[in-house]
Amino acid sequence: STRCSVFSELEHPLDASGAWHFPPHALYVEALVRCVQQRLQLEDSCLVIAVILLERLMLLVWEREGPIMTIKTWRSVLLTAILLACKLLYDEKVFLHDFQSALPELDLRHLGDTE
């Protein structure tokens, strides 16, 4: 769908790895989440909130447009959920720049559109 294309790595690749060409292995997903958690020094509760946001998003979008979590979108959707969870959990302002600084190997410029 057009609205969900902002998450698509076909249009907005996060890096040159081509990871979005193949279904992710659970260990790869966990490694990405742990990397983000360590570099941004996030509490576990932030990740719990991100999972809740992901579940709600998937249910809402599924009813209207079909699946949002696909091979081409899962990393962008996941990182956006973590970013929004940080904004909900922490009193201080969280900026996309914080994520870009902590994850310089990823091109996160388009995530501002996903928020």
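A brief look at the structure comes next. Nothing here was measured: the structure is a model prediction, and the numbers come from that model.

1. A short note on the environment of Ser-101
With respect to the helices and strands, the residue Ser-101 is situated in helix H4 (residues 96-102). For Ser-101, a relative accessible area of 46% gives the class partly exposed. A C-alpha to C-alpha distance of 9.4 Å links Ser-101 and Arg-39, two positions 62 residues apart in sequence.

2. Observations concerning the packing of helix H1 (residues 26-40) against helix H3 (residues 74-89)
The N-to-C vectors of H1 and H3 enclose an angle of 35°; their axes lie 12 Å apart at closest approach. Helix-helix and strand crossings are classified by hand; for H1 and H3 the assignment is right-handed. Listed contacts from H3 to Tyr-28, Val-29, Leu-32, Val-33 and Val-36 of H1 are Trp-74, Arg-75, Leu-78, Leu-79 and Ile-82. The class makeup of the residues in the contact of H1 with H3 is nine nonpolar, no polar and one charged.

3. So, the packing of aromatic side chains
Counted by the stated rule, this structure contains one aromatic pair. With a centroid separation of 5.8 Å and an interplanar angle of 80°, the aromatic rings of Tyr-28 and Trp-74 are classed as edge-to-face. You can see Tyr-28 sitting in helix H1 and its partner Trp-74 sitting in helix H3, a full 46 residues away along the chain. Exposure remark for Trp-74: the relative accessible area of 6% places this residue in the buried category.

Conventions used here
- Residues numbered from 1 in each chain as written.
- Predicted model: local features only at pLDDT ≥ 70, side-chain atom pairs only at ≥ 80, totals over all residues.
- Heavy atoms only, no water.
- Helix = DSSP H or I, 4+ residues; strand = E, 2+ residues; numbered from the N terminus.
- Buried < 20%, exposed > 50% of the residue type's maximum accessible area, 1.4 Å probe, protein only.
- Axes fitted to C-alpha atoms, helices over the stretch in contact; angles between N-to-C directions.
- Left-handed = near helix turned anticlockwise from the far one by under 90°.
- Contact = heavy atoms within 4.5 Å.
- Nonpolar A, V, L, I, M, F, W, Y, C, P; charged D, E, K, R; others polar.
- Phe/Tyr/Trp six-rings, centres within 6.5 Å; stacked < 30°, edge-to-face > 60°.

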